[in-house]
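Spelled out, the chains give:
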Amino acid sequence: MSQSTAVIVLAAGEGKRFRQIAGPDKDKLLADCTGRDGAVRSVIEQVLVNLPASLAKRVLVTTEARPQAMRMAQAYGCDVVSIESTGMGDSIAAGVAACPGADGWLIVLGDMPFILPSSIERVLAAMADDAVSVPVLGGEFGHPVGFGRSFGAQLQALTGDRGARPLFAQGRVVEVAVDDPGVLWDIDVPEALVFKSPSP
C-alpha cells in the first residue's frame, strides 16, 4: 500500500519544554543527535533519513519560524506546508489536505528520530482503507500511525492541539507489535537526544 501512501511529517510544535531547559533560542528539531546508525544529524534530518524510499509523497508541516527545517525537508523530497498554528490537529489537517488523493496517510512526528525504518515499514504493511495501523511496544501505542483512505475527511476536520487519537475509536485498529523503543521515544528535553536502549 505504501506506493500511494502519503507521509505527513509534523514539525510545527514549539518544543516549549525543550526550550525551557536548553534556552529560548534552541529548536529541538535542529539539535544534533546521534542516530541509531551512529551518524550525527539534526533531529529532523534523522526523522527524514528513516523514511522508507517507497514513500514518494512526502509533506512536512511547519511554521515560517523554521526555514532550516523547510530547506532540509525539501532536500529529502518533501513538499512543505506552512501553517500559522502550532497545534497537532491543525498540522495533521493541513498535511492531509495537501494530498487528499492519497490511499492513506502515515503521520510521523518530527521529534521522534530513533524509530527504526523496519518499524515504519511494518506499520505501512499493515495499513488498510478502513483501519488505523499503530506500532505497539509493551502494550503502549507509539508512532508513526497509519490511517487508511476512509479517514481522510476526519483527519482534515482535526483542529487545535488535539491529535488523531480519538479517531482510533471510529475504525478498526491494527496493532503492529514491534521490539523498537524508538516508537515511544520523543525529544521533549535535551537529555532525550541521547538514545539509550532499555535494559532487558
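Sequence order as written defines residue numbering, which begins from 1 separately in each chain. For this predicted model, a pLDDT threshold of at least 70 governs which residues receive local features, and a threshold of 80 or more governs which side-chain atom pairs are given and counted, while totals over whole chains, interfaces and linings are taken from all residues. Hydrogen atoms and water are omitted, and side-chain values are computed over all heavy atoms in the structure.

Caption draft 1: Expanded view of the pairing of strand S9 (residues 145-148). Exposure classes here rest on a 1.4 Å probe applied to the protein chains alone. A residue is buried below 20% of its type maximum, exposed above 50%, and partly exposed in between. Counting from the N terminus, the helices are the DSSP runs of H or I reaching at least four residues and the strands are the DSSP runs of E reaching at least two. Side chains of S9 alternate between two faces, with Val-145 and Phe-147 and Gly-146 and Gly-148 buried alike. Across four bridges, strand S6 (residues 104-109) lies against S9 in antiparallel orientation. In the strand pairing of S9, Gly-104 is matched with Gly-148. DSSP calls a pair of strands paired once it identifies at least 2 bridges connecting them. As paired elements, strand S7 (residues 131-137) and S9 share two bridges and run antiparallel to each other. Residue pairing for S9: Ser-133 is matched across the bridge by Gly-146.

Caption draft 2: Representation of the pattern of salt bridges within the structure. Think of a salt bridge as a Lys or Arg side-chain nitrogen and an Asp or Glu carboxyl oxygen that are within 4 Å of each other. As enumerated under the stated definition, the model contains eleven salt bridges in all. Between Asp-188 and Lys-28 there is a salt bridge, and its shortest N-O distance comes to 3.7 Å. Taken together, the residues span a long stretch of sequence, with Asp-188 in the segment after strand S10 (172-177) and Lys-28 in the loop between helix H1 (16-22) and strand S2 (32-34) at a distance of 160 residues. Between Lys-57 and Asp-79 there is a salt bridge, with its nearest N and O atoms 2.6 Å apart.

Caption draft 3: Spatial organisation of the UniProt feature "domain: MobA-like NTP transferase" (unreviewed entry) in the protein chain. UniProt positions are given in the numbering used here, feature names are shortened, and annotations may be inferred rather than shown by experiment. The residues that UniProt annotates with the feature "domain: MobA-like NTP transferase" (unreviewed entry) are residues 7-170. Within the segment residues 7-170, helix and strand shares are 29% and 24% respectively, and the terminal C-alpha atoms sit 21 Å apart.

Caption draft 4: Spotlight on helix H4 (residues 88-97). Of all ten residues that make up H4, seven are buried, and the element is covered over most of its length. Along H4, the residues that are buried comprise Gly-89, Ser-91, Ile-92, Ala-93, Ala-94, Gly-95 and Val-96. For H4, the secondary structure elements touched by its buried residues are strand S1 (5-11), strand S4 (57-62), strand S5 (79-82), S6 and helix H6 (152-156). The contact criterion used is simple: two residues touch if any of their non-hydrogen atoms lie within 4.5 Å.

Caption draft 5: View of the packing of aromatic side chains. Pairing of aromatic side chains requires ring centres within 6.5 Å, counting the rings of Phe and Tyr and the six-membered ring of Trp. Pairs whose planes differ by under 30 degrees are stacked, by over 60 edge-to-face, and all others tilted. Taken as a whole and judged by the stated rule, the model has six aromatic pairs. Measuring from ring centre to ring centre gives 5.0 Å for Phe-114 and Phe-195, while their planes differ by 45°; the resulting arrangement is tilted. You can see Phe-114 sitting in the loop between S6 and helix H5 (117-125) and its partner Phe-195 sitting in the segment after S10, a full 81 residues away along the chain. The class of Phe-114 is buried, set by a relative accessible area of 0%. With centroids separated by 5.7 Å and ring planes inclined at 70°, the aromatic side chains of Phe-147 and Phe-151 adopt a geometry described as edge-to-face. These aromatic residues form a ring-pair network of at least three members: Phe-141, Phe-147, Phe-151 and Phe-168.

Caption draft 6: Structural view of the nonpolar core. Nonpolar cores were defined as sets of buried Ala, Val, Leu, Ile, Met, Phe, Trp, Tyr and Cys residues, with membership established by side-chain atoms within 4.5 Å. Counting 61 residues, the largest nonpolar core has Val-9, Trp-105, Phe-147 and Leu-155 as the members making the most contacts within it. Looking at this core element by element, the count peaks at six residues for S1. Excluding anything up to four places from it in sequence, Val-9 contacts Ile-44, Val-47, Leu-48, Leu-51, Val-59, Leu-60, Val-61, Val-108 and Gly-110.

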